[in-house]
Amino acid sequence: MGHKWTKVNRFIPKTMPFYFLQFFRCHYADVKDHQEQNVEFASKNVHYINTIQSWEEKLTEATRDGKMLVANFSSPWSGPCRSIAPIYCELADKYPSFMFLTVDVDALAELSTSWDINATPTFFFLEDGRQVDKFVGADKVELRKKMAAVANLMSRF
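Residues numbered from 1 in each chain as written. Predicted model: local features only at pLDDT ≥ 70, side-chain atom pairs only at ≥ 80, totals over all residues. Heavy atoms only, no water.

### Overview of the packing of aromatic side chains
Line of reasoning, step 1. Throughout the structure, instances matching the rule amount to ten aromatic pairs.
Line of reasoning, step 2. Both rings, one in Phe98 and one in Phe100, keep their centres 6.5 Å apart while their planes meet at 35 degrees; by these two values the pair is tilted. In this structure, Phe98 and Phe100 share a single accessibility class: buried.
Line of reasoning, step 3. Three or more aromatic residues joined by ring pairs make a cluster, and in this case those are Tyr88, Tyr95, Phe98, Phe100, Phe123 and Phe135. (Phe/Tyr/Trp six-rings, centres within 6.5 Å; stacked < 30°, edge-to-face > 60°. Buried < 20%, exposed > 50% of the residue type's maximum accessible area, 1.4 Å probe, protein only.)

Quick look at the structure:
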């Protein structure tokens, strides 16, 4: 025997679809030079990555300048990613000697797969293109702790 499905009729106010779209709308635009900025990424030290070329350029730049790179593999529609974004910007402002990237996992699915991204947000801490540490999740307190630990580790060298 199969499952018996029943239709549930619910009243949805006329404004509900609009609210849903407003809450989950994608702030990222496919605009050249990234002219349209996302409110969540208000720091000048956070670079939005949606092409392999921009990923490789920033990786090369960080290596050349001797900077630690923090890569946030994120999704613009994800609630946890959106909730951690202001903290990520705060950390980017607090640690200007690091380079912060937000990698769009939807636009760069192949790159995300190569980095074994199973959940978003996932943060990688890279030095000279090599992984130094990793953090998965949207725990604001733990991200701050991880960032402080990595910064402390880097200050020893």
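So, next bit.
### Comments concerning helix H3 (residues 79-94)
Line of reasoning, step 1. The terminal C-alpha atoms of H3 lie 24 Å apart, and with 16 residues this matches the ideal 22 Å at 1.5 Å per residue to within 8%.
Line of reasoning, step 2. In the structure, H3 departs most strongly from a straight axis at Ala85, where the bend amounts to approximately 35 degrees and where the proline Pro86 lies between one and four residues downstream.
Line of reasoning, step 3. Those residues of H3 that sit buried are Cys81, Ile84, Ala85, Ile87, Tyr88, Cys89, Leu91 and Ala92. (Helix = DSSP H or I, 4+ residues; strand = E, 2+ residues; numbered from the N terminus. Expected span 1.5 Å × (residues − 1). Bend = angle between axes of the 7 residues up to and from the residue.)

### Comments concerning the sheet that holds strand E1 (residues 46-49)
Line of reasoning, step 1. Sheet architecture is open: five strands sit in the order E1-E3-E2-E4-E5, paired in mixed fashion. A strand with exactly one partner marks an edge of an open sheet, and here the two such strands are E1 and strand E5 (130-136). Strand-to-strand, the axes of this sheet are offset by a mean angle of 25 degrees, without reference to chain direction.
Line of reasoning, step 2. The sheet contact formed by strand E4 (residues 122-127) and E5 spans six bridges and is antiparallel. Looking across to E5, one finds that Phe123 is bridged to Phe135.
Line of reasoning, step 3. In the packing of helix H2 (residues 52-65) onto the sheet, the strands contacted are E1, strand E2 (68-74), strand E3 (98-104) and E4, and the crossing angle to E3 comes to about 165 degrees.
Line of reasoning, step 4. Contacts from H3 reach E1, E2, E3 and E4, with the element oriented near 160 degrees to E3. (Pairing = 2+ DSSP bridges. Axes fitted to C-alpha atoms, helices over the stretch in contact; angles between N-to-C directions. Contact = heavy atoms within 4.5 Å.)

### What about the nonpolar core?
Proteins that are soluble and globular tend to have nonpolar side chains buried together.
Line of reasoning, step 1. Ranked by internal contacts, the top residues of the largest apolar core, which has 20 residues, are Phe98, Phe100, Phe125 and Met147.
Line of reasoning, step 2. Mapped onto this core, the elements with two or more residues apiece are E2, H3, E3, E4 and helix H5 (140-155).
Line of reasoning, step 3. Broken down by element, the residue count for this core peaks at six residues, all from H3.
Line of reasoning, step 4. Among all residues touching Phe125, those that are not within four sequence positions of it are Met68, Leu69, Val70, Arg130, Gln131, Val132, Asp133, Lys134, Phe135, Lys146, Met147 and Val150.
Line of reasoning, step 5. Residues Trp55, Leu69, Leu108 and Ile117 belong to the second largest nonpolar core, which totals 15 residues. (Core = buried A, V, L, I, M, F, W, Y, C linked by side-chain atoms within 4.5 Å.)

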